[in-house]
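# Results of the structural survey
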Amino acid sequence: MRIILLGAPGAGKGTVAKLLSAVDGSVQISTGDILRSAVNQGSDLGKKAKKYMDQGDLVPDSLIMEIMEVRLKEDDCRNGFILDGFPRTIPQAEELANLLDKMDIKLDFVANLEVPRDVILDRLTTRRTCSNPECQEIFNIKSNPPAAGGKCTKCGSPVVQRDDETEEAIINRLEIYNQKTAPLIGFYERSGLLENFISLSSQETVEEIERKLEP
Ligand code: AMP
């Protein structure tokens, strides 16, 4: 499959992407995960991105496009990809459309995950993430807690609250989503690529997406 997952922070894009990737081996590409790994490694990219990320601001389009141009040309993308957290602005979406045209790749559709704001706020403040950059498994202190002692159930590393998941940063991220990312809904509607999903259960959303993908 070749799809874009669109939705506010906390809409469940990461969880849905992981489940979809298990369906047919399409690779999950999360710009947030790529950037967090770069920050943890202390690379040039990480140093440039950290100050934006900690505030909940968007990293500049030019940096994101540099990453994605390279990433989409890697071999593992040939069998399909699920874009999670990219594009996040109209310029990113326009550049992505040009890039995919050049690569002769057609998207199946753009899945817009719709979740009420109070559900999103609750999910984000109770979300915890594995601190191991290679793992980044997501937990929720209410519905999917980590193992005893706050350890990751997959790799055993400490599970932490992300710097951008403080209440202040979350409010900023939602505001930025409304200003910069929500306009992509209209953009993809006009291109005839948009499919809306009321996404309260990730598993059900995955099943609906699978049904839409069927020929
Ligand atoms: P996420 O895990 O997708 O919520 O991303 C975490 C943070 O990484 C965001 O709050 C942004 O600072 C940055 N980020 C991730 N993807 C993008 C993108 N496509 N454009 C700009 N910034 C991004």
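In this text, all values refer to a predicted model and were calculated from it rather than measured experimentally. (Residues numbered from 1 in each chain as written. Predicted model: local features only at pLDDT ≥ 70, side-chain atom pairs only at ≥ 80, totals over all residues. Heavy atoms only, no water.)

For the ligand, the set of nearby residues contains 16 residues, the closest of which are T31, R36, D57, G85 and Q92. At a separation of 2.7 Å, a nitrogen atom of the ligand approaches a polar side-chain atom of T31. One nitrogen or oxygen atom from the main chain of V59 is found 3.0 Å from a nitrogen atom belonging to the ligand. Examining the composition of the shell around the ligand, we find that four residues originate from one element, helix α2 (residues 31-41), more than from any other. Looking at the shell around the ligand residue by residue, the classes come out as six nonpolar, four polar and six charged. (Near = heavy atom within 4 Å. Polar contact = N/O pair within 3.5 Å; in protein donor to acceptor, adjacent residues only side chain to side chain. Helix = DSSP H or I, 4+ residues; strand = E, 2+ residues; numbered from the N terminus. Nonpolar A, V, L, I, M, F, W, Y, C, P; charged D, E, K, R; others polar.)

Another point: helix α5 (residues 90-102). Helix length check: α5 (13 residues) gives 19 Å between terminal C-alpha atoms against 18 Å at 1.5 Å per residue, within 8%. Taken together, the buried positions of α5 are Q92, A93, L96, L99 and L100. Here the buried residues of α5 occupy an arc of 125° about the axis, which is enough to place them on one side. Exposed side of α5, more than 90 degrees from the buried face: D101 and K102 are the residues found there. Looking at the buried side of α5, the elements it contacts are β1 (2-6), α4 (61-72), β3 (81-84) and α8 (183-190). Between the side-chain oxygen at the start of α5 and the backbone nitrogen of Q92 there is a gap of 3.1 Å, and the oxygen is on T89. Immediately downstream of α5, the backbone of D104 shows phi near 60°, a positive value. (Expected span 1.5 Å × (residues − 1). Buried < 20%, exposed > 50% of the residue type's maximum accessible area, 1.4 Å probe, protein only. Arc of directions from axis to C-beta. Contact = heavy atoms within 4.5 Å.)

Turning our attention to the packing of α4 against α5. Viewed as axis vectors pointing N to C, α4 and α5 meet at an angle of 25°, and their least axial separation amounts to 11 Å. Taken together, the axes of α4 and α5 are roughly parallel relative to one another. Crossing angle aside, the handedness with which α4 passes α5 is right-handed. Each of D61, I64, M65, M68, E69 and L72 in α4 lies in contact with α5, whose residues at this interface are P91, Q92, E95, L96, L99 and L100. Taken together, the residues of the contact of α4 with α5 break down into eight nonpolar, one polar and three charged. (Axes fitted to C-alpha atoms, helices over the stretch in contact; angles between N-to-C directions. Parallel < 35°, antiparallel > 145°, perpendicular 65-115°, else oblique. Left-handed = near helix turned anticlockwise from the far one by under 90°.)

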